[in-house]
Amino acid sequence: MSEHPDSYSDHKQNSVSTQQEMSRVLIIGAGLTGAATASLLRRELREKIQIVILDKGRGAGGRMSTSRSPGDPKCSVDLGAQYITQTETYKVKHASFYEELLSKNIIRPLTGTIENERPSKEKSVNYVTPLGISSVVKYFLDQADADVRYNQIVKRVDVKEENGRTYLTAETDSDDEGDSSKSSLFDAVVITIPVPQVMQLDGIVKQNLDESDELKTTLEEVNYSSRYALGLYFKPGTKFNVPWVGKYEYSDPCIRWISLDASKRGVESDSVGPSMVVHTSVPFGLKYLETDKDEVQPLVMRHLKEVFPDLPEPASIKCQRWRYSQVFKSVKGQPGAVVVKETPSYMVLLGGDSFTHSNFDGCISSATTLTEKLVAFLKSTSKL
């Protein structure tokens, strides 16, 4: 499989092949790994595959989320990932991904100053997203031409026999009576959500983890950092007299990162109010992890005003708890993907940055590995 085939955005799933003739793949999680996997599958298999993506959130992105001001949807802030750092290693390995995103103006080089940024171990370039960090995920989803369903909390993955064949099904918590995921049949299920959420899935996932002490122990060893993020939205005309677009703060026990989002992205506008994102330190996030967000927000604001005394009054604030912010300890060996169960009839796979490392390239590496395994399985079982 070539690493990144040509774009296939003009593909539509109402092709001449019927659903029964297609291979059917369910992806759980509409973050970067899930979206990139879906895109790569579509480009590799084209009309031979039907892709369904389920996500518990209200929109795409996962930890690459962009939140909009309640008073002005043009004013937005990246609450999760802040920018993409391309190292020399992945400049070559993932060149086609970067080149495509650059050519589509999804990403562009960061030109502003990041204060107190710790030097990278190797030469690197930072990229920002003019339309917000979630635009990267949305781009891959658009390329995938998948059936994406939000507000879907997957509870279990089961095996089902129908017409003499064995399939996989997913059961969700959903208020949508028209949701068909409970009755859909799949040849493969790809799970890209954080590992602790994987461990909560019932059905075949729980069964196989209980039967494999080695896999269960491996997953239990995965650790995440936790933190809070505040998105501050300001009225048009608000000014910040600072020489940076982003700043790492190490003198305060609570505040670790501050960014002026429009300035960071290079999209300042006199007609749209600026926004600011604030990330807390991991120790602060862990200390207040189970505290109500309404109690955490004023604590963070108090610390922010101590490190930023001239902070203007925001028009509104959003507080985000990132229970699984970044992978602190990934799966041993960073395999990119792990097979939970494979039979001649179906396959269940785990992937995501937990199986590589917690950044853009980690997710792309996992998506590439997942796609290779899925395509090999579908071809070997004559499902294509």
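Whatever comes next refers back to the structure up there.
Below is a summary of the structure that appears in this document.

Criteria and thresholds
Residues numbered from 1 in each chain as written. Predicted model: local features only at pLDDT ≥ 70, side-chain atom pairs only at ≥ 80, totals over all residues. Heavy atoms only, no water. Salt bridge = Lys/Arg side-chain N within 4 Å of Asp/Glu carboxyl O. Buried < 20%, exposed > 50% of the residue type's maximum accessible area, 1.4 Å probe, protein only. Helix = DSSP H or I, 4+ residues; strand = E, 2+ residues; numbered from the N terminus. Contact = heavy atoms within 4.5 Å. Pairing = 2+ DSSP bridges. Axes fitted to C-alpha atoms, helices over the stretch in contact; angles between N-to-C directions. Phe/Tyr/Trp six-rings, centres within 6.5 Å; stacked < 30°, edge-to-face > 60°.

Time to look at the pattern of salt bridges. Scanning all chains against the criterion turns up 17 salt bridges. Across the pair aspartate 147 and arginine 149 runs a salt bridge whose closest N-O atoms are separated by 2.7 Å. Salt bridges sharing common partners tie together Asp78, Asp261, Lys264 and Arg265.

Those residues of helix H3 (residues 95–103) that sit buried are Ala95, Phe97, Tyr98, Glu100 and Leu101. Looking at the buried residues of H3, the elements they touch are helix H1 (32–45), strand S5 (84–87), helix H2 (88–93), strand S8 (124–128), helix H4 (134–144) and helix H11 (360–380). One or two residues past the end of H3 sits asparagine 105, with phi positive at roughly 60°.

In this section: the sheet that holds strand S18 (residues 316–329). Sheet architecture is open: six strands sit in the order S7-S15-S16-S17-S14-S18, paired in mixed fashion. Looking at the sheet topology across the chains shown, the edges are occupied by strand S7 (114–115) and S18. Here S7 pairs with strand S15 (residues 246–248) via two bridges, running parallel. Considered in S15, the bridge of isoleucine 114 is made with glycine 246. Most of the contacts of helix H10 (residues 293–307) go to strand S14 (residues 223–233), to which it runs at about 75°, and overall it touches S14, strand S16 (255–260), strand S17 (275–280) and S18.

To continue, consider the pairing of S14. Counted residue by residue, S14 has 10 buried out of 11 residues, so it is predominantly covered. When S14 meets S18, the two strands line up antiparallel, connected through 10 bridges. Each bridged residue has a counterpart across the sheet, and for tyrosine 233 the counterpart in S18 is serine 316. Where S14 lies against S17, five bridges are found, and the strand directions are antiparallel. Residue alanine 229 lies in a different strand from S17, and its bridge partner there is histidine 279.

Side chains Ala188 and Val190 project from strand S12 (residues 188–191) onto one buried face, and the interleaved Val189 and Ile191 project onto a second face that is buried too. Sheet topology note: the strand S1 (residues 23–28)/S12 ladder contains four bridges and is parallel. Within S12, the residue paired with valine 25 across the bridge is alanine 188. Here S12 pairs with strand S20 (residues 347–351) via four bridges, running parallel. Its bridge partner being in S20, valine 190 is matched across the sheet by leucine 349.

Turning next to the environment of leucine 219. Topologically, leucine 219 is positioned in helix H7 (residues 213–220). Remark: the alpha-carbon pair of leucine 219 and valine 198, spanning 21 residues in sequence, is separated by 9.1 Å.

Turning our attention to the packing of aromatic side chains. For any two aromatic rings, the description comes down to two numbers: the centre-to-centre distance and the angle of the planes. Counted under the stated rule, the structure contains 12 aromatic pairs. Each ring, one from tyrosine 83 and one from tryptophan 257, has its centre 6.1 Å from the other, and the planes form 55°; the classification is tilted. Of the two residues, tyrosine 83 sits in the loop between strand S4 (76–78) and S5 while tryptophan 257 sits in strand S16, which places them 174 residues apart along the sequence. Grouping residues by exposure puts tyrosine 83 and tryptophan 257 together as buried. Ring centres 6.2 Å apart and planes at 80° place the aromatic pair phenylalanine 240 and phenylalanine 308 in the edge-to-face group. Pair noted here: phenylalanine 240 is in the loop between S14 and S15 and phenylalanine 308 is in the loop between H10 and S18, with a separation of 68 residues, a long-range link. Each member of the aromatic cluster is reached from another via a ring pair, and the members are Tyr83, Tyr248, Tyr250 and Trp257.

Here we take up the sheet that holds S8. One open sheet holds the three strands; their spatial order is S5-S8-S6, and the pairing between them is antiparallel. In the strand order of this sheet, the two ends are held by S5 and strand S6 (108–109), each with one partner. Where S5 and S8 come together, four bridges link them in antiparallel fashion. Bridged to threonine 85 within S8 is asparagine 126.

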